[in-house]
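Here are the chains, one letter per residue:
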2 protein chains.
Amino acid sequence: MKTIQFPNRSEWSTLLQRPALDNTSLEATVKKVLDEVKERGDEAVQQYTKQFDGVELKAIKTEANEFAEATNLLTAELKEAIQLAAKNIEAFHGKQLSAVEIIETMPGVQCWRKSVGIEKVGLYIPGGTAPLFSTILMLGIPAKLAGCGEIILCSPPNKEGKLHPAILYAAQLAGITNVFKVGGVQAIGAMAYGTSTISKVYKIFGPGNQYVTCAKQLIQKDGVAIDMPAGPSEVCVLADASANAAFVAADLLSQAEHGTDSQVLLVTTDNSFVEKVQQELDTQLAVLPRKDLAAKALENSTAIVVKHIEEAIDLVNEYAAEHLIIACENDEAIAAKIINAGSIFLGNYSPESVGDYASGTNHTLPTNGYARAYSGVSVDSFVKKITYQKLSRDGLHRIGRAVELMATAEGLDAHKNAVTVRLIEN
Amino acid sequence: MKTIQFPNRSEWSTLLQRPALDNTSLEATVKKVLDEVKERGDEAVQQYTKQFDGVELKAIKTEANEFAEATNLLTAELKEAIQLAAKNIEAFHGKQLSAVEIIETMPGVQCWRKSVGIEKVGLYIPGGTAPLFSTILMLGIPAKLAGCGEIILCSPPNKEGKLHPAILYAAQLAGITNVFKVGGVQAIGAMAYGTSTISKVYKIFGPGNQYVTCAKQLIQKDGVAIDMPAGPSEVCVLADASANAAFVAADLLSQAEHGTDSQVLLVTTDNSFVEKVQQELDTQLAVLPRKDLAAKALENSTAIVVKHIEEAIDLVNEYAAEHLIIACENDEAIAAKIINAGSIFLGNYSPESVGDYASGTNHTLPTNGYARAYSGVSVDSFVKKITYQKLSRDGLHRIGRAVELMATAEGLDAHKNAVTVRLIEN
């Protein structure tokens, strides 16, 4: 970890720069796969599964007995842990549903807004060494709460043509039974365009490698919505002298182990604290299974020492972290001044990993500075908020003249006329 | 208007097809302007304003005296109409703000969510024959309510280097004082990348022609968010025998006058009603100032007659209209079954134009079928919802084991360790 002491504000943007993300070079490859899936459906999906996942499947849809088998393979304590996480996620997201309230903006002019679940949504869960079953809870539970009619899930099969049992268990727990053993660009294509087996959906959620990310960007052009733009995961820890160096080092490492492109930033007002964290990093890193990965990510990471907490807050707001840990004495007062962040962890006992798994908040969050304009996934992400208005004859007579005048001033006479024909009615 | 009677469901997707939107051919042109603005800032903005708007401006920022002058140029009754609309929009959108609620998902595990206004937003208002000052209210009022720190507005100047007085009046009423006389791609570029005069913003809102639409698509790749994908405006009227043919014809025309690519669809269970509407269309069209435009849009429009109201509802849901007028006896029962629409107008006295201007709902809505997955603009569009969690030592001890188990099962040991170091603390 590089340490930068008391940088000038003019240096901040350079110091906080993230790696440039450019998928342009992949576009042609990805587009070809998408086009093939669009044209040839299941046949193309099967072909790419053979090519990229190295397995030939008779059926891509998961059957009831596979769910049952998966449940038996997991330990009781892991299942209980997943259940606890699901319960907390449901408790937090359940409060995001809002009742319809009719607002009479003028007598006889009633307006309201109703959240309606997106009819068909698709969730993508990557395969690889770490089976991200926690992401299934983070996407599936809000989707169910939102009232989405059809929820499908795609994830790449292993060489034996199977999905990790924890993936199937989490899916079943979240109430998702349409689970397909399809991964990569072919999964995104299948959900975006539909095949005989996989339904076309209106919005696609979930993480993925750079090919999946590129595919999600491309299908947007065909009118399919996505959860949010993607980028490497990141954590920023804002610490003062009250922080615990061992805790902070552990938090930095938990982000660093994601991959060499992970972004890890420590901001502190206490110069000596950085040295303590550095020592803890060395000790903790030595025993980590993924230490090579984490060590590489740490090489690209930075500790910044600033003079005052107010300066630290400005710096953190400029960075706009996906995860922000505030390990400071006045954590709540500082949190109140944060305007750019995905999710905030307050105090010494709120490591990022509790939010990653089980506190109840969502872990699908805006990274790469997107936190300036985007929110993390919530029930909102799975609904459309439709607006409604109903005017009485009286209400239209009250508001009509204003509409006529504004429409005329905008040069839209037919807009005016739609009111006029109703006002002059006998 | 073509009439289709009792089509098979298998024909629906063809019947409801919208024109393909493809900006690919413009991309190179648009990208060049964006790149120039990115590199040369104000100088490039001035150059393109001269080239595209035919005017050389000394200063692009609107001064206080110009607002005062604009206010004097408008009639008192138009100003009152705009004030009435602003009041209703504020009343409706004001209810979209939500209070923070702390949810204890487990004892000692507190989670909450707070809406924080996006720090810098940019609004774009097109120029041309119809000055869309109503859109300023629709974007500016929610932006203010959301608590956005900096709100800037760009709109192209006319040949005299001025903005329409109603634009300046509406901006001032909405509390927007950073108004720039810049239009087209150069305006989108200036707000996306910043110039010496115009601030870089994090999210850009507002309608525009195909060049502006293409520019908004392109700047997304550089991490700037946009309100929603764009497409031609559209209305669908669902009418039964209780509907008034004159009213419905006026509603269809109010959409048709937007442009030749406007989408107009009538769905009814009453065959004879279509003929009545057709007669009314002929009568009303003859006296419209924009009749040539509207007549052309009507040529591409369709009336579909179906047998039952349930079939009509399915059809309307498949279309996913930006604006849906339900001119039926059981309007509320039918509205409850609509799952895809931007904004819904119930009954005989709720023409689309009331929502376009003054009922209080937003008129920036998802078109082109995007209503399946997207919502219209609201206060939500101008905020990020940041999540927070704070655990007590006790809370962490309660949830810690579950997090450790899940992290281990995902192969993320450093995630586990961030909890473990805290649990074993003396």
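Residues numbered from 1 in each chain as written. Chains lettered and ligands numbered in written order. Predicted model: local features only at pLDDT ≥ 70, side-chain atom pairs only at ≥ 80, totals over all residues. Heavy atoms only, no water.

With that settled, consider the overall build of chain A. Secondary structure assignment for chain A yields 17 helices and 14 strands. C-alpha atoms of chain A, sized along the principal axes, occupy 85 × 60 × 45 Å. For chain A, the proportion of contacts with a sequence separation of at least 24, taken over those separated by at least 6, is 75%. Here chain A has roughly 16,000 Å² of accessible surface; of this, 49% comes from carbon and sulfur atoms. One way to put it: in chain A the 39 positive side-chain charges average out to a point 8 Å from where the 50 negative ones average out. (Helix = DSSP H or I, 4+ residues; strand = E, 2+ residues; numbered from the N terminus. Contact = heavy atoms within 4.5 Å. Areas by Shrake-Rupley, 256 points an atom, 1.4 Å probe, with all protein chains shown as cover. Lys, Arg positive; Asp, Glu negative; His and termini not counted. Charge placed at Lys NZ, Arg CZ, Asp CG, Glu CD.)

Residue and element names in this part refer to chain B. Phi at A320 is positive, roughly 60°, even though this residue is not glycine. You can see A320 is positioned in the loop between α13 (309–319) and β12 (321–327). Look at N368: it is not a glycine, yet its phi comes out positive at around 60°. Relative to the helices and strands, N368 resides in the loop between α15 (352–357) and β14 (383–391).

Okay, the UniProt feature "active site" (unreviewed entry) in chain A next. Residues and elements named next belong to chain A. In the UniProt entry, the feature "active site" (unreviewed entry) is given for E322 and H323. By the element assignment, E322 lies in strand β12 (residues 321–327). Not counting the four nearest positions on each side in its chain, E322 is found in contact with S233, E234, G342, S343, H363, L365, P366 and T367. Separated by 3.0 Å, the side chains of E322 and S233 make a polar contact. Tracing the backbone shows H323 in strand β12. Among the polar contacts listed, one links the side chain of H323 to the backbone oxygen of E234, at a separation of 2.9 Å. (UniProt positions renumbered as here; feature names shortened; annotations may be inferred. Polar contact = N/O pair within 3.5 Å; in protein donor to acceptor, adjacent residues only side chain to side chain.)

A few words now on the relation of the copies chain A and chain B. When chain A is fitted onto chain B, the two copies agree to an RMSD of 0.0 Å after a turn of 180° and an axial shift of 0.0 Å. Such a combination of rotation and displacement between the chain copies is what one expects of a two-fold axis. A symmetric contact is evident, with 100% of the interface residues of chain A recurring at the interface of chain B. (Least-squares fit on C-alpha atoms with pLDDT ≥ 70 in both.)

Turning to empty space enclosed by the protein, a few remarks are in order. To find leftover empty space, a probe the size of one water molecule is rolled over the atoms. A complete count under the given rule lists two cavities of 30 Å³ or more for this structure. In this structure, the largest cavity is lined by R113, K385 and T387 of chain A together with G342, N362, L365, S375, G376, V377 and S378 of chain B. Class assignment for the residues of the lining of the largest cavity results in two nonpolar, six polar and two charged. Lining the second largest cavity we find Q96, L97, S98, S115, V379, D380, V383 and K385 of chain A. Per-class residue counts for the lining of the second largest cavity are three nonpolar, three polar and two charged. (1 Å grid on protein atoms, 1.4 Å probe; cavity = no way out; pocket = protein on both sides within 12 Å on 5 of 7 lines; lining within 4 Å. Points joined across faces, edges and corners; volume = space filled by probe spheres on them. Nonpolar A, V, L, I, M, F, W, Y, C, P; charged D, E, K, R; others polar.)

What follows is about the domain arrangement of chain A. All names here are of chain A. The domain architecture assigned to chain A consists of domain 1 (24–101 + 117–226), domain 2 (231–375) and domain 3 (392–423). Using only C-alpha atoms to locate each centre, domain 1 and domain 2 end up separated by 29 Å. Taken together, the contact between domain 1 and domain 2 spans 13 residues of the former and eleven residues of the latter. Interface area, domain 1 with domain 2, both sides summed: about 870 Å², of which 57% is carbon and sulfur. Put simply, domain 1 and domain 2 have zero salt bridges between them. Elements represented by at least two residues in the side of domain 1 that touches domain 2 include exactly α5 (76–94) and α6 (133–146). Looking at which element gives the most residues to the side of domain 1 that touches domain 2, the answer is α5, with six residues. (Domains from an automatic or database assignment. Buried area = accessible area lost by both parts, 1.4 Å probe. Salt bridge = Lys/Arg side-chain N within 4 Å of Asp/Glu carboxyl O.)

For the rest of this paragraph, the subject is helix α17 (residues 413–423) of chain B. Restricting attention to buried positions, one finds in α17 of chain B the residues A414, H415, A418, V419, T420, V421 and R422 of chain B. On its buried side, α17 of chain B packs onto α10 (245–256), α11 (271–286) and α15 (352–357) of chain A together with α16 (393–409) of chain B. (Buried < 20%, exposed > 50% of the residue type's maximum accessible area, 1.4 Å probe, protein only.)

Our next topic: the side chain of E234 of chain A. All names here are of chain A. When you line up the elements, E234 lands in strand β9 (residues 234–239). Take E234: its relative accessible area is 0%, and that puts it in the buried class. For E234, the side chain forms a polar contact with the main-chain nitrogen of N368, separated by 3.3 Å. Other than its neighbours up to four places away in sequence, E234 contacts R18, Q255, Q263, Y319, A320, A321, E322, H323, T367, N368 and G369.

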